[in-house]
Structure formats: C-alpha cells, structure tokens
Amino acid sequence: MATFLYKLGRLAFRRRHFVALIWVALLTLAGVGAASAPTAGASSFSIPGTEAQKAFDLLEQRFPGMSADGATARVVFKAPSGEKMADKNNKATVKNTVKALGDGSEVTSVTDPFKAHAVSKDGSVAYASVKYKVSGMELKDSSKTALEDAAQQARDAGLTVEVGGDALQATPETGSTEVIGIAVAAVVLVITFGSLIAAGLPLLTALIGVGIGVSTITALANALDLGTTTSTLAMMIGLAVGIDYALFIVSRYRAELAEGREREEAAGGAVGTAGSAVVFAGLTVVIALVGLAVVNIPMLTKMGVAAAGTVAIAVLIALTMIPALLGYAGRKVQPAGKKSKLLGGGRAARKAHKPNMGTRWASFVVRRPLAVLLLGIVGLGAAAIPATSLELGLPDDGSQPTSTTQRRAYDLLSEGFGPGFNGPLMVVVDAQSSDAPKAAFTKVSDEIKGLKGVVTVTPPAPNKAGDTATITVIPDSKPSSVKTEDLVHAIRDKGGEIKADTDAKVLVTGTTAMNIDFSQKLNDALIPYLALVVGLAFLLLIVVFRSILVPLKAALGFLLSVLAALGAVVAVFQWGWLSSLMGVEETGPIMSMMPIFMVGVVFGLAMDYEVFLVTRMREAYVHGEKPSQAIVTGFKHGARVVTAAAVIMIAVFSGFIGSSESMIKMIGFGLAIAVFFDAFIVRMALVPAVLALLGKKAWWLPKWLDRALPNVDVEGEGLRALDADRRKDEDDDRELVRV
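Residues numbered from 1 in each chain as written. Predicted model: local features only at pLDDT ≥ 70, side-chain atom pairs only at ≥ 80, totals over all residues. Heavy atoms only, no water.

A. Spatial organisation of the overall build of the protein. Per the secondary structure count, the protein includes 24 helices and eleven strands. Scored against the burial criterion, the 739 residues of the protein give a buried share of 53%. Within the protein, counting contacts between residues at least 6 apart in sequence, those at least 24 apart form 79% of the total. Taken as a whole, the protein presents about 32,000 Å² of accessible surface, with 59% of it coming from carbon and sulfur. (Helix = DSSP H or I, 4+ residues; strand = E, 2+ residues; numbered from the N terminus. Buried < 20%, exposed > 50% of the residue type's maximum accessible area, 1.4 Å probe, protein only. Contact = heavy atoms within 4.5 Å. Areas by Shrake-Rupley, 256 points an atom, 1.4 Å probe, with all protein chains shown as cover.)

B. Representation of the sheet that holds strand 3 (residues 125-132) within the structure. In space, the four strands of this open sheet follow the order 2-3-1-4, with antiparallel pairing throughout. At either end of the open sheet lies a strand with only one pairing partner, and these are strand 2 (107-110) and strand 4 (160-165). This sheet shows a mean twist of 20° between the axes of neighbouring strands, independent of strand direction. Of the strands in this sheet, strand 1 (72-78), strand 3 and strand 4 touch helix 14 (residues 405-417), which is tilted by about 105° from strand 4. (Pairing = 2+ DSSP bridges. Axes fitted to C-alpha atoms, helices over the stretch in contact; angles between N-to-C directions.)

C. Spatial organisation of the packing of helix 20 (residues 594-622) against helix 22 (residues 662-694). Viewed as axis vectors pointing N to C, helix 20 and helix 22 meet at an angle of 35°, and their least axial separation amounts to 9 Å. As helix 20 packs across helix 22, the resulting crossing turns out to be right-handed. Split by residue class, the contact of helix 20 with helix 22 holds 20 nonpolar, one polar and three charged. (Left-handed = near helix turned anticlockwise from the far one by under 90°. Nonpolar A, V, L, I, M, F, W, Y, C, P; charged D, E, K, R; others polar.)

D. Summary view of the packing of helix 2 (residues 16-36) against helix 7 (residues 196-224). The interhelical angle for the contact between helix 2 and helix 7, taken along N-to-C directions, is 30°, at an axis separation of 8 Å. Between helix 2 and helix 7, the angle is such that the two are roughly parallel. The chirality of how helix 2 crosses helix 7 is left-handed. Residues Trp 23, Leu 26, Leu 27, Ala 30, Gly 31, Gly 33 and Ala 34 of helix 2 form the contact with helix 7, whose own contacting residues are Ile 208, Gly 211, Ile 212, Ser 215, Thr 216, Thr 218 and Ala 219. Partitioning the contact of helix 2 with helix 7 into residue classes produces eight nonpolar, six polar and no charged. (Parallel < 35°, antiparallel > 145°, perpendicular 65-115°, else oblique.)

So this is what it looks like as structure tokens:
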C-alpha cells in the first residue's frame, strides 16, 4: 500500500492542476445539486419490528384519513387569577380562537375544549388540539404564523396562552460557537506549523471536503428522506477528521523535507507513510459509522452512512488534494523545525539537540510506566462513576428551556390535568379476527381501567369498518418516568390475555410508547454493535500493527474513554454540573441514542490517534530500535501533531455545543470530552505505559498468522527499498560517467 500511495502522492504533486480541477468541479457539481434540489421536509421516524411501529402502520391502513404522521399543536389556555375558563368572556375568547385555528388550508381538525371535555377540574385550564395534514417541518410558514397569531389574539384578550406540540418545530441552529471552533483550529495549526500557508492547507481541504459532503446530502435529502440532523452530524465529523487527516500529511511532508528530500519526493513519501495511516484510520471511522445499520433504525442508519461518506471524502482529499496544494505552495511550506519568514524570520524553531516535549514526556512514562498506568485508570474510572446512574429517554417538550412556549404549555397541562397528560398512550385494538369486535373493545377498555397508574381511559373509537378501535390512556406519571414505562408493559401483558379470550390484538403506540420501544431497541443492539465494530476494527488493526496485544490494548483503552465520556455527559446533562456554562437550561434523561452513537463515533476517532501514534513506534521498532526507544521515537515525531489534532477536534466538536438542538449539543459535548480523555489520557499516557511494560511482547504475532496476513506495509518498508534501488541506480550512473 505504501508504494501505491507514494506513487499517487507524486502523481498528484506533478498533475496538481488536473487534481485541483477535479475537486473544484466536484464541489461545484454538489453545490449546484444542493441549490436546485427541492426543500427536504422532516425525515420520517420509524422503528421496524417494534409494537409501537406495528400499531402506527395499522392505523395508517385502518384509519386512512387520520394523518397519523401529521403535525399537532395543543393551544393551552389559562384563565386569569380568580376566574374560570367557563366565564362568559373567557369562553367567547376560546370560541373565537378555535374558529381562527380551523381556517388554515393545512388544518384537518380542531377540537373545542368545551365540547371535548378538555377543561381541568378546577376550571382554570383548557386546551384545544389542532391536527395538520403534514409534519411539523413541512408546515408552511403561513400555517405557523396563523397559529401564533391566534394564540396572540387570545393573549390580548386577557388569557394566558401557550402552544405545545411539534407544529412550531424550528430548524436547529448551531450558533456562532461553530465558527469559534474553526477559528481555534486555525490558531492551533499556525502554532503547530509556524506558517500561515501550511496551516491554511488543512483548513482549506477540510472545508472543501465538508462542502462536497454536506451539499451532496442536501441534494439527496428529499429523495432519500434525510433530516437536518444528518447534515449537521456529517459536518461535525467531516470537519474534525478532514483537518486532522490533512494535518498528518502536511506534517509528514515537512519532516521529509527536513531529511533533505526534494519536494515531489517528499510529497510522495508523506502520502506513502502518513497516508497509509490516514487510510486505516479512516476505515475504522467508516466501519464504526456504517455499523450503526446493525441497530435497524433507518434514521440512525442514514446518519451513519452520510457521515461515513463525508469521512471517505476527507480521506481521498488528504491523499490527493493535499500533495497537489503542496505543489502550488512550493517553498512557502518550510521543512520541519523551521518557521516561515512571516512568523519566525525563517530561523530554526529550536536547537536540534534539544529534546521536544513529546520526547521528554515519553521518556518519563517509560521510566515510570506502572505509576502512569494506575493514575490514568483511576482518573478515568472516577470520571466514569456518574455513568452508573445513566437514565435514558427521548426529549419531549418537558426538556425544553422554560423560555419556550412549548415548555410553558407542557407545564400548564401538567398543572391542570396531571403530568401524564403530556404523554398519552394510544391503545389500538385490532378485532378483525374476533367474532365480537364491540365486546372486545369494551373488554380492553375495562381491563386497562383496572391497571395501576391509570388516570383516564377514553371510550373506544372504532373505524368505519368497525374492526379496529383506538383507546386513549392517560397515565398518572410524566412521559419519561419509569412508572409510565411499567404501565406500557402492563397493558401489553394484558393484551396477551385478551387475545387468548377474544382473538383481538392489543397494541400500544403513541409518542411515549415509541420512545420506550426506541430506547429498548437501542439497548438490545448495543452489545451486538460493539461486537461487530470492535471485532472488525480489531482484525484491521492486527493487519496494520501485526500484533495481537496492541489492538487489544487499543480496544480496552477505548472502552475506558467512552465510559468516562458517558460519565461526564451524565454529570452535565442529567445531574446539572456546569450546566449553565454549557447552556443546558433543563436537565433530564440522556437521549437513548447517545450511548450507541458515542460508541460508534468515539471508537472510530480513538483509533485515529492509535494508528497515527503507534505506527510511528512500529516503524521505529521494525527499523531496529529497542521497544522502549521506539516509544520515545514515536512520541518525538508524532506527539506534537497528535496533540494538535486532538485540540483541533475538541475545538470543532465544542463548536456544536452552541446548537439549539439538544441532541446536537449533547453529542458535541460528548465527542469533545471523549476525544480529550482518549487523546491525552489513553493514547498519550496509558498507551506508552502499557507498551513499556510489555516490551517486545507488545509486537508478538504467531508465525502462522504472520504468514496468513496480507502485508500492507504501513511502516513504508517498501519505500525504503525503492529509495535504496533509486540511490543505487544514481550511483551506477555516476560511476558510468566517471568511466
């Protein structure tokens, strides 16, 4: 592989005009496609194989005009202190509001609180339910404006009015901190390279790669049913790995120049050595992201595949466009250890004999490996403690900031009707196989009334054919509570008994039940997903490092990182530590998809640093150095760059903490803290400590396995042979000239 990439790097350097033209053309094509593509709506949310999804699909068949996936709004009214909603003026205001709400072209139905018995027992709170033909993200601005205007008119009349539901759902915004993250990355690159030109190359190529990836996602969003979160996550991961991969290539190029190689030769050598590490690091990230398909949740699969595509583009750009741009830069990119004229007057950055920080740190760890190992494990273990109280759930209006109308509507409904009113359960009774459908409907209703934790059970509402009915159940606990989950399981258990007696199927659905099933499906998929992703990456790393213990150590270190990161997420988003600093206005359960998504992404990113750092050690060991000296050599050449890469990735991920979308905020924080733990504690401390303790055993591989594995030559041994042959040919030519 090293020889092939070496030739690719030299070709891209020589044919830089052609390479640059190809990437600019791809960016233009993707941009035109994104600009001309129809606006995508909200991605559909489905959980194949779950009871809630089966019930949802059944409703689509048996109640065709129901618009089960349409947006909803709950307009909640509260009378002034000392008054009742039934008072003449208040009642007239509500009637006028209901009439105004029903005038929209996208509205399918509006309920009158006084006819639907939607007034609280104390008479102070009432609500009107509005149902729309399309989803919240597809609603026209005119419909949203009409909803807000109707609510405002009722406020002007003296009532307290808030609007809940997904009709006013807004597109998430990342905020200015995303730009700050990129700015921090730029500063780190300038400090690392001591050159504006060298620092600008990784930023430029990363932005081009992300531009192509995100524009392609936007162009295909409508056709492939991709939501806005998909492009945001692709941007987050694409920026981080795009900058890092380019950083490693440029850094190796400068090291090659420092060894006296010509620029084209240095570009080929950089792509042949660091490029090999980039390919395998990228493969681990792609495996981790595509592996999310194991969960069998279409939304998660699309997010993973889209982000993996952006990572693949970042790898290709690093291998081709970086050497092409290095050709354009010429002498403006200085050899390693030399600053540019602008920043350093062209002088050497430090004396050649003075060991750098990486060398000094690695020497310390090699001398005190056991102490460093124990201290690192204890520290990560302490950070992971909060993860033991991890509570999973999906965000609802109750997790919104108190400044939003959705949250205030949620609180008003809880005040007037009880906490369970915000998470009603919809029970679907399929009596098509029953001899007495009406009797089956009644039996289901009576059985549910007798269950613990039930406040209200509405009368069965059959369809036109009379073979299917819906029953709404109001729990006495909030949607995200364990009591509500127990009630869902209790209804389903009763359903088995009812089917035996009446041949009628009982299915529980609704947003709350969907959330419960979603969380359960993710929990069930976590172990198989871990086994698949870690197993495949383990095999890949055996090929790269030609060792059993090094990949095993890499996997165990990753588990420490992700557990510590989950602990930090729980501490901030569930316990509320430093929540004001992070902009977390409301704490609550951790999103169900967070653990499995963090496992996928963090594993891929963690292996990046493992590959980049340890391949340098492996390279030194293969070329004859002792194991302890190889560790120091690896840090001498790689620590500064890996540190810069980690800081850049942390800065980019931290930029998304400013997002208005709670999922993006949580993932941004989780990935940033996970990279910090993995890069600076696991890879920079635990890895050299373990390798120092293992010595030569770290690089042990059974002979039969060594013969069976393909030789991918990440260390660039083939390049040394190629270089030796070339030097021999040059010596022969000089000898002929002398003769």
